[in-house]
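In case you want the letters, here they are:
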Amino acid sequence: MTMPPPVEPLWRIYTTLVKYPILRTRIRARMRQELFKRGIITPQDFEARVREEAILSQQREGVPRYGDPEDVWEARRERIRSYLTDVYFATYLPIELFEEIVKEVLAEKRPQVLDMDITFNPEVAPFSTLMEYASLYAQMPPEEQEKHQAHIQEIKASIIRRIISDQLAYVTIARKWLTLEDLLTIAKRKIGPGKIGGKAAGVVLAYRILKSYADPDIQQHIRMPESYFIGADVIYAFMTYNDLMKWADQKYKPPEKIREEYPRLREEFLRGRFPPDIENALRELLEHIGKRPIIVRSSSLLEDNFGMSFAGKYESHFLPNQEDDLETRLRNLTRAIASVYASALSLDPLLYRRERNLLDYDERLAILLQFVEGERHGAYFFPQAAGVAFSRNLFRWSPQIRMEDGFVRMVWGLGTRAVERVGDDYPRLVALSHPTLRPEVTAQEIRRYSQRYIDLLDLENNAYKTLPIHEVIHRQYPVLRYIFSLDEGGYLAPLHSTFVPQARLQDLVVTFDEWLRRTPFVSRMQRILKTLERYYERPVDIEFTACITNPRDPHPEVDITILQCRPQSHFQEEPVHIPADLPEEDVVLETWGVVPHGRVEGITHVIFVTPEGYRRLTTSAHRRALIHAIHQLNALFKGKSFICVGPGRWGTRNPDLGVSVGFADIYNARALIELSSRRFGIAAEPSFGTHFFQDLIEARIYPLAVDLDHPRTRFARAFFYETPNRLLELLEDVPESLRDVLRVIRVKDYRAARTLTLLMNADEGRAVAFVETRSSERR
């Protein structure tokens, strides 16, 4: 059969009457149905003709037979399929029938799905066609949808794989819970090609599960911030447009080279511009959202994965977004996105991927744009509460605490202080099984381990700021009594009224005591975590904000906004028995309090940063040299069992409070022991709940805080200070300033033919490190 020429009048009528793709799809499906029903051509012959013409078009373009990528090949076939439908119909059937089909489609109260349209295959159909079919089904009433559930599930799975995630574990769960309306909304709010990435996928799925299956009170009071997405493929468009693909091979370079080149790489990314279509879409988005504060977050294809969280590996940027000039706001937004893109090529995430054999994965970064949750108070914008919650409590400071009831780490203001180890500052730690049972005992300890600074957005100065809480507290703050307690010297008292004398504001302490006692927050968070764990089929952690909506009511209500949800990294619990008869001379370290649960055996070396020596490192150059030396030792000891011991917080951003290593500097260690004492002015708050903590858990590195001032602590100075220092035998060109700061202890120098074993029992709140002849077999 010779293909006839198209009939022009028919096409003009068609385009005049029908301007919308979804209607064109439905009309063409009806046209093919008539062709097949009347015997003009069979469905099989029609599809064979589509394939034949598609191959001929490839030949005309000089494309090899199988040279098209899958999506291009399917788009090619879809265009030819549409063309042939028009041609055959115009040639063999009357125009009156065409007009009748158009009128029927336009007049339909609800869409019809044509079972006879065999040309549609969700797995290979062009994305626009796939979304048109999704829209058709979404418009159906529930009883009609039920008749087509198999096809709907197939369409949902295909859409999820194309725009959200192709992880089988995620697709299996998401297909059950995400609705067609959810998927259509994501597609509508996505800028550019590619998937929306793991972080965006996690929050969308968690919100839908809770809205569908959580208790009615949770469904009423759960929120998700308004969100927009930049597809993961846009990063390559950005890099190509700005001649940045030369940096794409950073992941295969030595760590020293990655670290050395990163400042120049980042500067080049920050100078970049987006292709005009993406830039225009971002401009339209800013026009749409106005001056709402936003946060620019990474959402990589591997991020928040089932088994690896990438927690804190990539940058996030808060944008107050208050400039009057739209182009200035656009520059700030594109610069923030470029900075997030650059962070994907920094040392920490690349080594994180290297250690997990993920370097060869094509890790692209999508971007998640969210409205910042909070309220305006004068010039400042921040939430009443924010933090991170875990469905499993891995660090129990009392035998009463139940691991399965979860744990919360919360702060006043933006949640950055809850997920990062920043400054001489502490979040409120909440065991959801016993929310008023604190790790601290006395009022002095509670105040010492309380929050002193708040992160917020200064809308008048268009800046992200960290301020002392007493510069922000206002006596008329509506939820003052729920967040603060009054230090009365020997005890902390609740605020029984909203009036606090100006002179007493300095005595306010962030405790969240009344928030935990008088609102449904604890019960609600506990049930949220259990619900998500049940349907994720594994422990989870979430980032959240919370807001008391009626603080003057005797029964205050709390809204909880889910910002992020991912599978929780956790140690596999195993029985740990600490022998009661350990010889005194074999114990090198013993501590009581909040400890993890697990064991490290066969330890041959200890990297020890002396507290006294560390205090003498007053310049940033000396501290950088220390971190570099630890980094070298970490690489040198790969495959060996070693631990790190040092003052204050490992991984802190403030070098005055501990050793500011990154994960890339210590990832081969088996434990990080954090020493605190009034003698050297550093308190080592346990790091659990932070992004750094997540890294340690995934790598099975145990964090252990040791208070040297505690009367039950044992610390063998002979082991740590009097053994030979093997540093100079292992590293060359060690600066003189480090030689009494960094000690490398070989365990057999302390006791011949011995190794060190570290046993930690969370139920007893006790950890012991001791030497023995061989690795312990005790269970």
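A few points about the environment of Glu226
Along the chain, Glu226 falls in the loop between β2 (222-223) and β3 (227-230). Glu226 sits in the partly exposed class, given a relative accessible area of 28%. Taking C-alpha positions, Glu226 is 9.9 Å from Ile289, a pair spaced 63 residues apart along the chain. With sequence-adjacent residues up to four places away left out, Glu226 is seen in contact with Arg189, His288, Leu369, Gln370 and Phe371. A distance of 2.4 Å separates polar atoms of two side chains, one belonging to Glu226 and the other to Tyr228.

Points about the packing of helix α6 (residues 127-138) against helix α8 (residues 149-163)
Across the interface, α6 lies against α8 with an axial gap of 10 Å and an inter-helix angle of 135 degrees. In terms of their interaxial angle, α6 and α8 are classed as oblique. Relative to α8, α6 is oriented so that their crossing is left-handed. Contacts between α6 and α8 pair Phe127, Leu130, Met131, Tyr133, Ala134 and Tyr137 from the former with His151, Ile152, Ile155, Ser158, Ile159, Arg162 and Ile163 from the latter.

Brief notes about the packing of aromatic side chains
Overall, the coordinates contain 29 aromatic pairs when judged by the stated rule. Seen from their ring centres, Trp412 and Phe484 are 5.1 Å apart, and the 80 degrees between their planes marks the pair as edge-to-face. With Trp412 in the loop between β10 (407-411) and α18 (416-419) and Phe484 in strand β14 (residues 484-487), this residue pair connects regions lying 72 residues apart in the sequence. This pair shows no difference in class: Trp412 is buried, exactly as Phe484 is. Within the aromatic cluster, the residues linked to one another by ring pairs are Phe608, Phe715, Phe719, Phe720, Tyr721 and Tyr750. Over the aromatic face of Tyr228 sits the side chain of Arg189, whose NZ or CZ is 4.8 Å from the ring centroid. Residue placement shows Arg717 over the ring face of Tyr721; its charged tip is 4.1 Å from the ring centre.

Some thoughts on the packing of helix α9 (residues 168-177) against helix α11 (residues 198-213)
The N-to-C vectors of α9 and α11 enclose an angle of 40 degrees; their axes lie 9 Å apart at closest approach. Classified by the angle their axes make, α9 and α11 are oblique. When you trace α9 past α11, the crossing you get is left-handed. Each of Tyr170, Ile173, Ala174 and Trp177 in α9 lies in contact with α11, whose residues at this interface are Ala201, Gly202, Leu205, Arg208, Ile209, Ser212 and Tyr213. Looking at the contact of α9 with α11 residue by residue, the classes come out as eight nonpolar, two polar and one charged.

Section: the pattern of salt bridges
Enumeration over the complete set of coordinates arrives at 58 salt bridges. Across the salt bridge formed by Lys147 and Glu144, the nearest N and O atoms sit 3.5 Å from each other. In this pair, Lys147 and Glu144 are both assigned in helix α7 (residues 142-147), three residues apart and thus about one turn of the helix distant. Given a relative accessible area of 63%, Lys147 falls into the exposed group. For the salt bridge of Arg739 with Glu736, the shortest nitrogen-to-oxygen distance reads 3.5 Å.

Thoughts on the environment of Ser298
Residue position: Ser298 is located in strand β4 (residues 294-300). Each C-alpha atom, one on Ser298 and one on Tyr341, is 8.0 Å from the other, the two residues being 43 residues apart in sequence.

What to know about the side chain of Arg417
For Arg417, the location among the structural elements is in helix α18. Polar contacts involving the side chain of Arg417 include one to the main-chain carbonyl oxygen of Tyr453, which spans 3.5 Å.

Description of the pairing of strand β17 (residues 540-548)
Within a regular beta strand, the side chains point alternately toward one face of the sheet and then the other, so they alternate between its two faces. In terms of burial, β17 is largely enclosed, as eight of its nine residues are buried. Strand direction decides the pairing type here: strand β9 (residues 385-390) and β17, joined by six bridges, are antiparallel. From the neighbouring strand, Ala386 faces β17, where its bridge partner is Thr545. Examined bridge by bridge, β17 and strand β18 (residues 558-567) share nine bridges and lie antiparallel to one another. Residue pairing for β18: Phe544 is matched across the bridge by Ile562.

Description of the sheet that holds β9
Strand order in the open sheet made by the six strands is β2-β18-β17-β9-β10-β11, with mixed pairing throughout. Both edges of this open sheet fall to β2 and β11 (428-431), since each of them pairs with a single strand only. Docked against the sheet, helix α22 (residues 521-536) engages β2, β9, β10, β17 and β18, running at close to 150 degrees with respect to β17.

Notes on unusual backbone geometry
Despite not being glycine, Asp243 shows a phi value in the positive range, around 55 degrees. Structurally, Asp243 is set in the loop between α13 (234-241) and α14 (255-270). One non-glycine residue, Glu537, lies in the positive phi region at around 65 degrees. Relative to the assigned elements, Glu537 resides in the loop between α22 and β17. The class for Glu537 is exposed, based on a relative accessible area of 57%.

Focus on the confidence of the model for the chain
Within the chain, residue pLDDT values average 86, and 89% of them lie at 70 or more. Within the model, the stretch residues 114-118 combines pLDDT values under 50 with 11 contacts to residues more than four positions away or in other chains. Confidence drops under pLDDT 50 across residues 775-779; counting only partners more than four residues distant or on other chains, this segment forms 16 contacts.

Definitions and cut-offs
Residues numbered from 1 in each chain as written. Predicted model: local features only at pLDDT ≥ 70, side-chain atom pairs only at ≥ 80, totals over all residues. Heavy atoms only, no water. Helix = DSSP H or I, 4+ residues; strand = E, 2+ residues; numbered from the N terminus. Buried < 20%, exposed > 50% of the residue type's maximum accessible area, 1.4 Å probe, protein only. Contact = heavy atoms within 4.5 Å. Polar contact = N/O pair within 3.5 Å; in protein donor to acceptor, adjacent residues only side chain to side chain. Axes fitted to C-alpha atoms, helices over the stretch in contact; angles between N-to-C directions. Parallel < 35°, antiparallel > 145°, perpendicular 65-115°, else oblique. Left-handed = near helix turned anticlockwise from the far one by under 90°. Phe/Tyr/Trp six-rings, centres within 6.5 Å; stacked < 30°, edge-to-face > 60°. Lys NZ or Arg CZ within 6 Å of the ring centre and 35° of its normal. Nonpolar A, V, L, I, M, F, W, Y, C, P; charged D, E, K, R; others polar. Salt bridge = Lys/Arg side-chain N within 4 Å of Asp/Glu carboxyl O. Pairing = 2+ DSSP bridges. pLDDT = per-residue confidence, 0-100.

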